[in-house]
Amino acid sequence: MKNKGYFISFEGIDGSGKSTQIQKLAEFLGALDFDIVITREPGGSVGGEEIRNLLLQGNVDRWSAETEILLFTAARRDHLERIILPALKEGKIVICDRFTDSTRMYQGMRGANLRNLVDSLNEKVINFDPDLTIIIDIHPEISLKRAKSRKTVEERFEDFGVDLQMKMRKGFIELAKEFGDRIEVVDGQQSVDKLAQDIGSLVKAKIS
Ligand code: ADP
Ligand code: TYD
């Protein structure tokens, strides 16, 4: 396994605990002697991070959903070419905070046919799935409170509010059924350490 690498993405609504659990998983796998690369979307590469700034700052209506799909996909292509694929080629475990499933949810659920646009563009210019996707499931009232306490300038999507996050939570669970072979759902309302244990066991079982 170490010769071909392994690609793990984390998904879930804003403030669900992805960054926290990614750090924990990296420590766990590092102790098992795996080489780990932690990265994120939008961003991860120099160009991807520049596109991130365009996407995450400013008014909620700064971009249309269609324009966002193009920008997120452009950022992803650069990230894939420059960071993810080279690391996997070197046999590393790549852990990514969000990937294509986020575009399927956040942009794809915003109007009729947008999910089709996400999927067809993905097929043409990305066409690469994680080996494993972990969705952290949590009630939006809890996650929004956590996310808001961070006070960053990147609030464009968090400003969408509880109703939209409720829709996203449901959408992520449906996505887990659609891609049952790839996606695992974990309970984000547990303590950091208990959840880290669950995720660690799950990943260890998959990669060994
Ligand atoms: P995300 O990356 O999904 O937005 P974070 O990992 O940044 O989420 O977590 C959001 C906030 O919630 C942070 O302040 C973090 O310390 C806190 N947090 C994360 N996981 C838990 C947990 N299981 N219980 C309580 N607080 C948590
Ligand atoms: P992230 O930094 O993971 O935010 P958080 O830590 O609050 O979960 O992601 C930033 C925002 O970008 C998040 O609100 C979701 C949004 N996003 C999309 O709308 N589409 C995408 O394809 C991606 C990758 C992220």
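The coordinates are above.
Quick look at the structure, then. Per chain, residue numbering runs from 1 following the sequence as it is written. As a convention, the first chain written is A and the first ligand written is 1, with the rest following in written order. For this predicted model, a pLDDT threshold of at least 70 governs which residues receive local features, and a threshold of 80 or more governs which side-chain atom pairs are given and counted, while totals over whole chains, interfaces and linings are taken from all residues. Hydrogens and water molecules were not included; the side-chain quantities draw on all heavy atoms of the structure.

### What to know about the nonpolar core
This is how the line gets drawn: Working definition of a nonpolar core: buried Ala, Val, Leu, Ile, Met, Phe, Trp, Tyr and Cys residues. They are joined through side-chain atoms within 4.5 Å. Burial classes: relative accessible area under 20% of the type maximum marks a residue as buried, over 50% as exposed, and values in between as partly exposed (1.4 Å probe, protein chains only). Counting from the N terminus, the helices are the DSSP runs of H or I reaching at least four residues and the strands are the DSSP runs of E reaching at least two. The contact criterion used throughout is that any non-hydrogen atoms of two residues lie within 4.5 Å.
I8, F10 and V203 are the most contacted members of the largest nonpolar core, which totals 19 residues. Mapped by element, the contributors of at least two residues to this core are β1 (6–11), α1 (18–31), β3 (93–97), β4 (132–137) and α8 (192–207). Considering each element in turn, this core owes the most residues, 5 residues, to α8. Not counting residues within four places of it along the chain, the set of residues in contact with V203 comprises I8, L25, L29, L132 and I134. Residues M105, I135, M168 and I183 belong to the second largest nonpolar core, which totals 11 residues.

### What about helix α5 (residues 114–125)?
Filter applied, for reference: Here the expected span of a helix is defined as 1.5 Å times the quantity of residues minus one. Working definition: the arc comes from the directions between the helix axis and the C-beta atoms, pointing outward to the latter.
Its 12 residues place the ends of α5 16 Å apart at the C-alpha level, agreeing with the 16 Å of an ideal helix rising 1.5 Å per residue. Looking only at α5, the buried set comprises L114, V118, L121 and N122. One side of α5 holds all its buried residues, which, seen down the axis, span an arc of 105 degrees. Exposed and oriented more than 90 degrees from the buried face of α5 are E123 and K124. Contacts from the buried residues of α5 go to α3 (65–89) and α4 (100–106). Two residues or fewer after α5 comes N127, characterised by a positive phi angle close to 50 degrees.

### Topic: the sheet that holds strand β2 (residues 36–40)
The cut-off we apply is this: Note on pairing: two strands pair once DSSP finds at least 2 bridges between them. Axis definition: a line fitted to C-alpha atoms, limited for helices to the stretch in contact. Angles are taken between N-to-C directions and run from 0 to 180 degrees.
In space, the 5 strands of this open sheet follow the order β2-β3-β1-β4-β5, with parallel pairing throughout. Either end of the sheet is taken by a strand with one partner, and the two such strands are β2 and β5 (183–187). Shown here is a sheet whose adjacent strand axes are inclined to one another by a mean of 20 degrees, direction ignored. Sheet topology note: the β2/β3 ladder contains 5 bridges and is parallel. The partner of R40 across the bridge, within β3, is D97.

### What to know about the environment of G47
Within the element layout of this structure, G47 appears in helix α2 (residues 46–56). Considering only alpha carbons, one finds G47 and S149, 102 residues apart in sequence, at a separation of 28 Å.

### Remarks on unusual backbone geometry
With an omega of -10 degrees, the peptide bond between E41 and P42 qualifies as cis. In this structure, P42 sits in the loop between β2 and α2. Of note, the phi angle at R98 is positive, near 75 degrees, even though the residue is not glycine. Tracing the chain through its elements places R98 in the loop between β3 and α4. Even without being glycine, N127 reaches a positive phi, approximately 50 degrees. Relative to the assigned elements, N127 resides in the loop between α5 and β4. N127 sits in the exposed class, given a relative accessible area of 58%.

### Remarks on the packing of α3 against α5
As a reminder, the rule being used: Should an angle fall under 35 degrees it is taken as roughly parallel, and over 145 as roughly antiparallel, whereas 65 to 115 is taken as roughly perpendicular and any remaining angle as oblique. With the far helix as reference, a near helix turned anticlockwise by less than a right angle produces a left-handed crossing, and one turned clockwise produces a right-handed crossing. Three classes are used, and their members are as follows: Ala, Val, Leu, Ile, Met, Phe, Trp, Tyr, Cys and Pro are nonpolar, Asp, Glu, Lys and Arg are charged, and the others, Gly among them, are polar.
Where α3 contacts α5, the axes come no closer than 11 Å and their chain directions differ by 25 degrees. Here α3 lies roughly parallel to α5, going by the angle between them. In the packing of α3 onto α5, the handedness of the crossing is right-handed. Across the interface between the two elements, A65, E66, I69, L70, T73 and R77 of α3 pack against L114, L117, V118, L121 and V125 of α5. Within the contact of α3 with α5, the residues separate by chemical class into 8 nonpolar, 1 polar and 2 charged.

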